[in-house]
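A look at the structure
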Amino acid sequence: MSLPKDFLWGGATAAHQFEGGYLEDGKGLCSGDVVTSGDGRNGIQRRVTYTLPDGEYGSQFVFPYQDLPQDTKLSCHEDEFYPTHEASDFYHHYKEDIALMAEMGFKCYRMSINWARILPHGDDEIPNEKGLEFYDRVFDECLKYHIEPVVTLLHFETPVSLINRYGAWIDRRCVDAFVKYCEFVMKRYQHKVKYWMTFNEINNMEILPLYAGGLLKNDDQSKATATYHQFIASAKVVKMAHEINPEMKVGMMIAYTAAYALTCHPRDELKLMKDNQIRHFYCDVQCRGHYPQYKLKEYQRNGIHLPVLEGDQQILKEGTVDYIGLSYYSSSCVSGDEKQETTSGNMTTSIINPYLKTSEWGWLVDPVGLRIALNQLYERYELPLFIVENGLGAIDHMENGQIHDTYRIEYLKEHIYEMKKAIEEDGVDLMGYTPWGCIDVISAGTGEMRKRYGFVYVDKDDSGNGTMKRYKKDSFYWYQKVIQSNGEEI
Ligand code: P53
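Residues numbered from 1 in each chain as written. Predicted model: local features only at pLDDT ≥ 70, side-chain atom pairs only at ≥ 80, totals over all residues. Heavy atoms only, no water.

A few points about the overall build of the chain
Scanning the chain for helices and strands turns up 14 helices and 21 strands. For the C-alpha atoms alone, the extent of the chain along its principal axes is close to 55 × 55 × 50 Å. Residue burial in the chain is summarised as follows: out of 490 residues, 61% are buried. Considering only residue pairs separated by 6 or more positions, the chain has 74% of its internal contacts joining residues 24 or more positions apart. (Helix = DSSP H or I, 4+ residues; strand = E, 2+ residues; numbered from the N terminus. Buried < 20%, exposed > 50% of the residue type's maximum accessible area, 1.4 Å probe, protein only. Contact = heavy atoms within 4.5 Å.)

Points about helix α12 (residues 367–381)
The first and last C-alpha atoms of α12 sit 22 Å apart over 15 residues, in line with the 21 Å expected at 1.5 Å per residue. All of the buried residues in α12 are Pro367, Gly369, Leu370, Ala373, Leu374, Asn375, Leu377 and Tyr381. (Expected span 1.5 Å × (residues − 1).)

Focus on the sheet that holds strand β2 (residues 47–51)
Across the sheet, three strands lie side by side as β3-β2-β4; this open sheet has antiparallel pairing. Of all strands in the sheet, those bounded by a partner on one side alone are β3 (57–61) and β4 (73–74). Relative to β4, β2 runs antiparallel, the two sharing two bridges. Among the inter-strand pairings, Tyr50 is bridged to a residue of β4, identified as Leu74. (Pairing = 2+ DSSP bridges.)

Remarks on the packing of aromatic side chains
On inspection of all chains with the given rule, the structure shows 35 aromatic pairs. Ring centres of Phe90 and Phe134 lie 6.4 Å apart, and the angle between their planes is 80°; this geometry places the pair in the edge-to-face category. Here the residue Phe90 occupies a position in helix α2 (residues 90–104), and Phe134 occupies one in helix α4 (residues 129–144), the gap between them amounting to 44 residues. Like Phe134, Phe90 is buried. (Phe/Tyr/Trp six-rings, centres within 6.5 Å; stacked < 30°, edge-to-face > 60°.)

Considerations on the nonpolar core
Membership of the largest hydrophobic core comes to 141 residues, with the highest contact counts inside it found for Trp169, Phe178, Met186, Trp196 and Met419. Take this core: its biggest share by element is twelve residues, from helix α8 (residues 220–244). Contact partners of Phe178, with chain neighbours within four places excluded, come to Trp115, Leu153, Leu154, Trp169, Thr198, Phe199, Ala233 and Val237. Grouped together as the second largest cluster of nonpolar side chains are ten residues, Val150, Tyr323, Val388 and Met431 included. (Core = buried A, V, L, I, M, F, W, Y, C linked by side-chain atoms within 4.5 Å.)

Comments concerning the environment of Met252
One can find Met252 in strand β8 (residues 249–255). Between the alpha carbons of Met252 and Tyr453 there is a distance of 23 Å; along the sequence they are 201 residues apart. Setting aside its immediate chain neighbours within four residues, Met252 contacts Met197, Thr198, Ile202, Tyr282, Cys283, Gln286, Cys287, Val321, Tyr323, Ile324 and Gly325.

Describing the sheet that holds β8
Read once around its circumference, the closed barrel built from eight strands follows the order β1-β5-β6-β7-β8-β10-β16-β19, with strand pairing classed as parallel. Recorded for the sheet is a direction-independent mean angle of 30° between the axes of neighbouring strands. One ladder, built from four bridges, connects strand β10 (residues 323–327) with strand β16 (residues 385–389); its direction is parallel. When the bridges of β16 are listed, Ile324 appears paired with Leu385. (Axes fitted to C-alpha atoms, helices over the stretch in contact; angles between N-to-C directions.)

A short note on the environment of Gln221
Tracing the backbone shows Gln221 in helix α8. Take Gln221: its relative accessible area is 26%, and that puts it in the partly exposed class. The contact partners of Gln221, leaving out residues within four places of it in the chain, are Gly303, Ile304 and His305.

Overview of the pattern of salt bridges
Enumeration over the complete set of coordinates arrives at 34 salt bridges. We note a salt bridge from Asp97 to Arg470, for which the minimum N-O separation is 2.8 Å. With Asp97 in helix α2 and Arg470 in strand β21 (residues 470–472), this residue pair connects regions lying 373 residues apart in the sequence. The exposure class of Asp97 is buried, given its relative accessible area of 0%. Among the salt bridges present, the one from Lys473 reaches Asp396, with a minimum N-O distance of 2.6 Å. Here Asp396 lies in the loop between β16 and β17 (398–399) and Lys473 lies in the loop between β21 and α14 (474–484), a separation of 77 residues in the sequence. Here Lys473 matches Asp396 in class, with each residue buried. (Salt bridge = Lys/Arg side-chain N within 4 Å of Asp/Glu carboxyl O.)

Some details on the packing of α8 against helix α9 (residues 266–288)
Two elements in contact, α8 and α9, have axes separated by 10 Å at closest approach and are oriented at 35°. Relative to α9, α8 is oriented so that their crossing is right-handed. In this structure, α8 uses Thr227, Phe231 and Ser234 to contact α9, whose residues at the interface are Phe281, Tyr282, Val285 and Gln286. For the contact of α8 with α9, the class distribution of residues is four nonpolar, three polar and no charged. (Left-handed = near helix turned anticlockwise from the far one by under 90°. Nonpolar A, V, L, I, M, F, W, Y, C, P; charged D, E, K, R; others polar.)

Examining the pairing of β2
Counting buried residues along β2, four of its five residues qualify, which places the element largely inside the surrounding structure. The pairing of β2 with β3 spans five bridges and is classified as antiparallel. Looking across to β3, one finds that Val48 is bridged to Gln60. Connecting β2 to the next strand, β3, in antiparallel fashion are five residues, including Gly55 with a positive phi near 95°.

Quick notes on the packing of helix α6 (residues 173–189) against α8
Two elements in contact, α6 and α8, have axes separated by 9 Å at closest approach and are oriented at 25°. Comparing the axis directions of α6 and α8 gives the class roughly parallel. Along this stretch, α6 crosses α8, giving a crossing that reads as right-handed. Facing Val175, Asp176, Phe178, Val179, Cys182, Glu183, Met186 and Lys187 of α6, the residues of α8 in contact are His229, Ile232, Ala233, Lys236, Val237, Met240, Ala241 and Ile244. Of the residues assigned to the contact of α6 with α8, the class counts are eleven nonpolar, one polar and four charged. (Parallel < 35°, antiparallel > 145°, perpendicular 65-115°, else oblique.)

Remember that the coordinates give geometry; whether it matters functionally is a separate question.
As structure tokens, this is what we get:
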């Protein structure tokens, strides 16, 4: 048994974590541009910076998030360091970087378009031609090497202007703006890009409402409203894409995890059921085209109202997605007993699982969990799946231009092994695999550079110093072989 011949091996990045050039060629600010650096080791959280009505600057943690003061405008402050402004400078290194991807044998490259590069204010009447040309150059470069671009339309990059003018996704006007932006890029790139995804990790609205929805508030009503608007926007975009070009496939994207009950105590199993519902809710709506009963009941209980307009039900029904993109980094463990010791994860804090190791950032490492996750999603929705993020954030040491990242190879090898089992033994329909941060990017969670995922090292440190030179790590050559053998040699 072997993997399908057209299996999409590749790697993934996001515009604001990779491109830099944050105001270049007419780009506007996006939410990712107003977040400072943090420190994952010392628990220093990233902050979002803003200006108060009286002109004073302020800042506040992105996680845990609180409502920002009234009439706040997000803005950059000259005394702060914003790691994404330069990031890995893909904006100027794209030729070299795509050549490196081609050398590894990539069949696809998952990236995002930065909305504010196309529409600097988010809802401009006329798109910024220079921004459009940049992505033309990127896609052309990919296609030159037969690398299929896989494009996320929104990856934590809501234009700041939309946030400041009307609170972004809390307002229905954001739906119209997003659909218009998607129309511009889908019409423009329809012959270059076949695979699209609407919202990166749409379930991040739960814990990172600034990233996911450009929200200035953290209350349940605001998040339910913003999520509702993203569902409507996603559904409209799926339908529109098929009208523009029936060849185009549009997926949703979820931060997924395998979750376990700590014990067989029914109290723990019930907690697990609820925990799974929190995640599946996002897939249920986008794959089935309507809200599930458990969520409607929860809203009713908590006095939450959805901003439903006439025709919305039809929109959701007609705009179900073509596939499910997921990120998978770790599993989590839940218990109905609150007194358990926890470790940090990428979505929630999890109870420590005595059977698993953790990464340097405390994330539980669980390759078998990936097989379980794939099976859970496939059984439930019977839609093609696409692992669009997976990987190990770790500190790399360079000696004489070499990086011996055996720990990363080990992590990826074990995950690929389980992924193959899911395909070959369990019959999961998997489109491809794009490990996260294939060339080092800025960490979304901490803003650090030293939390690296790449096969290619970018010479830059947490304070922004470095030559930006690219170096191939040991994992580069390893992954090249994996792709060459279509996963036979891992
Ligand atoms: P980093 C939080 C929660 C879930 C997923 O994460 C997250 C985050 C941000 O940490 O991010 C996803 O960089 C995301 C990427 C991100 C990647 O996971 O914190 O889609 O933008 O970089 C890894 O190690």
